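# Analysis of the macromolecular model
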Amino acid sequence: MSIYLDYNATAPLKAEVREAMMALPLLPYNPSSLHRFGREARKRVEEARARLLTYVEGEGYRLVFTGSGTEANNLALKGLQGYKVMASAIEHVSVLKSCEQAEIIPVDSQGVVDMVMLESMLAHETAPTLVSVMLANNETGVIQPVAEITALAHHYGALVHCDAVQGLGKIMVDMAALRLDMLTVSAHKCGGPQGIGALILRRNLHLAATLTGGGQEQGFRAGTENVAAIIGFAAALPAREQQKHEQERLAKLQWKLEKALEGKAVIFGHTAPRIPGTSLIAMPGVSSETQLIAFDLHGIALSSGSACSSGRVTVSHVLLAMGVAPELAGSVVRVSMGAGTTEDEIEKFIGIWMMLYEKRT
Ligand code: PLP
C-alpha cells in the first residue's frame, strides 16, 4: 500500500503530460536554430507560451520560461533593480532569500497578510517599492487577499509580485483581475515536469537577467530552452471545468478529514480561505518527525510542510510568523491532496492519525 499525500511538494506527472513530452527528446529541437527542426521547436515553444498566458488571463504580458519557480522568484526580486522590497513573513524561502534586505510584512494568527501594517509601511516609504506576496501558502494553503494588496500597493505607487506556485492548476489565477505586475509559476506542483517555471511580467518592466549568455527568452534568461519541459508545462494545465470539479472534490475530502479530527487536532489557518486539499495539522505533544516516520511505516507519504533540501524537519517560519508556539509548530504534518487522492486514502489517514493520537503519552 502506498498513499501519496504530499502534492504540495511535487505532484505526480499527469499521463497527458508524459504523452505530450515522450516523442520530443528524440528530435533535435533547439528553438534558436534556423532550420526546420529549429522552426518547429520555436513554434511549439510559442504555442506553449501562449497557452500559459491565456490560462492566467495574462494576454499582453511577457512570459519568460525559467528552470523553476525558485529561479523565477530570483529573477523577479533580484532582477528589478533600484526597488525596495516588502515581502510577507510567510513567503517561500526562494523569495525571502532573494531579498534579504526586504522589510517584512507581518501576518495575523490565521496566516493572512496584515493589511493595516502593509498600508502603514507603504505610506511611510518614499523609495520605489515592490511588494511580494504569495497567492497561496505552501504549508497552510491559506490564500492571500492579492487583489486588495495590488489595489493598495498601486495606490501608493508600488509594484506587486505574486508567487502563485501553489495556486496554479488548483484555484483560479487571473493576472488581469488581480492587476499583478509580476507572477511566478512552476509546472511540477500541478502535474507538469520538474525543472520548468516561468515569470510573467508587464511588458514595460525592465529586469536585469540573472542568467546571461545567448540572449534567449527575450534577453531575460539565457540558455537553450527546455523544449520538452515547456510543452509538458502547457499540457499540465487543466481545462477550467475540470479544475472547478476537482476543486469541489478536494474541498469535500478536506472537510471530511478536518471534521474527523475536530477537537483533537489543531488545524492552522482553518478560518481563512484555503486551497482545497491542503491541511496543516498539529498533534500536540507528538513531534513532526515521529508522526512522519509512523505514517511512512503505514505507507502514507506526507511532509511536515517545512522539509528543507537536507530532508531534515525544521520549525516552520510560517507558523512562527503566525504566532504559534515552537513546541506546537514542531508537531505538525501537512496533508496535501491532488488528482489521485481518494476518499479511501483519506479514511486510512484518519485511522492512522487516530491510532497515533490514542497512543501518545
Ligand atoms: N514558491 C512556492 C510557494 C513553493 O511552494 C515552491 C516549491 O515548493 C516554490 C516557490 C519553488 O518552486 P520550484 O520547486 O519550481 O523551484
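The structure contained in this document is the topic of the report that follows. (Residues numbered from 1 in each chain as written. Predicted model: local features only at pLDDT ≥ 70, side-chain atom pairs only at ≥ 80, totals over all residues. Heavy atoms only, no water.)

Turning our eyes to something else, we now look at the pattern of salt bridges. This structure, assessed with the given rule, holds 19 salt bridges. Here Glu 248 makes a salt bridge to Lys 244, at a shortest N to O gap of 3.9 Å. Of this pair, Glu 248 and Lys 244 both sit in helix α9 (residues 240–261), separated by four residues, roughly a single helical turn. Its relative accessible area of 44% is what places Glu 248 among the partly exposed residues. Each of Arg 42, Glu 46, Arg 49, Glu 217 and Glu 225 takes part in one network of salt bridges that share partners. (Salt bridge = Lys/Arg side-chain N within 4 Å of Asp/Glu carboxyl O. Helix = DSSP H or I, 4+ residues; strand = E, 2+ residues; numbered from the N terminus. Buried < 20%, exposed > 50% of the residue type's maximum accessible area, 1.4 Å probe, protein only.)

A few words on a nonpolar patch on the surface. Taken together, the side chains of Leu 26, Leu 27 and Phe 37 define a hydrophobic patch exposed on the protein surface, amounting to about 310 Å² of accessible area. Mapped onto the fold, Phe 37 is located in helix α2 (residues 36–55). (Patch = residues over 30% accessible without salt bridge, like charges linked within 9 Å, V, L, I, M, F, W, Y side chains within 5 Å. Areas by Shrake-Rupley, 256 points an atom, 1.4 Å probe, with all protein chains shown as cover.)

One way to say it: the disulfide is the covalent bond shared by the sulfur atoms of two cysteines. Counted according to the given criterion, the structure contains zero disulfides. No disulfide involves Cys 99; its sulfur sits 14 Å from the nearest other cysteine sulfur, which is in Cys 162. Among the residues examined, Cys 99 registers a relative accessible area of 8% and is labelled buried. According to the relative accessible area criterion, Cys 162 is buried, its value standing at 1%. (Disulfide = S-S within 2.5 Å.)

All right, on to the packing of α9 against helix α13 (residues 343–359) then. The N-to-C vectors of α9 and α13 enclose an angle of 20 degrees; their axes lie 10 Å apart at closest approach. Viewed along their axes, α9 and α13 adopt a mutual orientation that is roughly parallel. Pair α9 / α13 crosses with right-handed handedness. Contacts between α9 and α13 involve Leu 253, Lys 256, Leu 257, Ala 260 and Leu 261 from the former and Glu 343, Ile 346, Glu 347, Phe 349, Ile 350, Trp 353 and Met 354 from the latter. A per-class count over the contact of α9 with α13 returns nine nonpolar, no polar and three charged. (Axes fitted to C-alpha atoms, helices over the stretch in contact; angles between N-to-C directions. Parallel < 35°, antiparallel > 145°, perpendicular 65-115°, else oblique. Left-handed = near helix turned anticlockwise from the far one by under 90°. Contact = heavy atoms within 4.5 Å. Nonpolar A, V, L, I, M, F, W, Y, C, P; charged D, E, K, R; others polar.)

In this section: the environment of Ala 127. Here Ala 127 shows up in the loop between α5 (115–123) and β5 (129–132). Linking Ala 127 and Lys 84, residues 43 residues apart in sequence, is a C-alpha distance of 6.5 Å.

Within a regular beta strand, the side chains point alternately toward one face of the sheet and then the other, so they alternate between its two faces. Residues Thr 129 and Val 131 point to one face of β5 and Leu 130 and Ser 132 to the other, with burial holding for every one of them. Where strand β3 (residues 84–88) meets β5, four bridges bridge the pair, whose relative direction is parallel. Within β5, the residue paired with Ala 87 across the bridge is Ser 132. Both β5 and strand β6 (residues 159–163) contribute to a ladder of three bridges, which runs parallel. Looking across to β6, one finds that Ser 132 is bridged to His 161. (Pairing = 2+ DSSP bridges.)

The next subject is the sheet that holds strand β9 (residues 266–267). Here we have three strands laid out as an open sheet, ordered β9-β10-β12, and antiparallel in their pairing. Both edges of this open sheet fall to β9 and β12 (332–336), since each of them pairs with a single strand only. Relative to strand β10 (residues 278–282), β9 runs antiparallel, the two sharing two bridges. Among the inter-strand pairings, Val 266 is bridged to a residue of β10, identified as Ala 282. Lying over the sheet, α9 contacts β9, β10 and β12, oriented at roughly 15 degrees with respect to β10.

Scanning the model with the defined rule gives three aromatic pairs in all. Ring centres of Trp 353 and Tyr 357 lie 5.3 Å apart, and the angle between their planes is 15 degrees; this geometry places the pair in the stacked category. You can see Trp 353 and its partner Tyr 357 sitting in helix α13, four residues apart, about one turn around the helix. Tyr 357 matches Trp 353 in its accessibility class, with the two residues each being buried. The residue whose ring lies beneath Arg 240 is Tyr 55, and the NZ or CZ to ring-centre distance is 4.9 Å. Its end group placed over the ring of Tyr 357, Arg 360 keeps NZ or CZ at 3.8 Å from the ring centre. (Phe/Tyr/Trp six-rings, centres within 6.5 Å; stacked < 30°, edge-to-face > 60°. Lys NZ or Arg CZ within 6 Å of the ring centre and 35° of its normal.)

These figures come from the coordinates and say nothing about function on their own.
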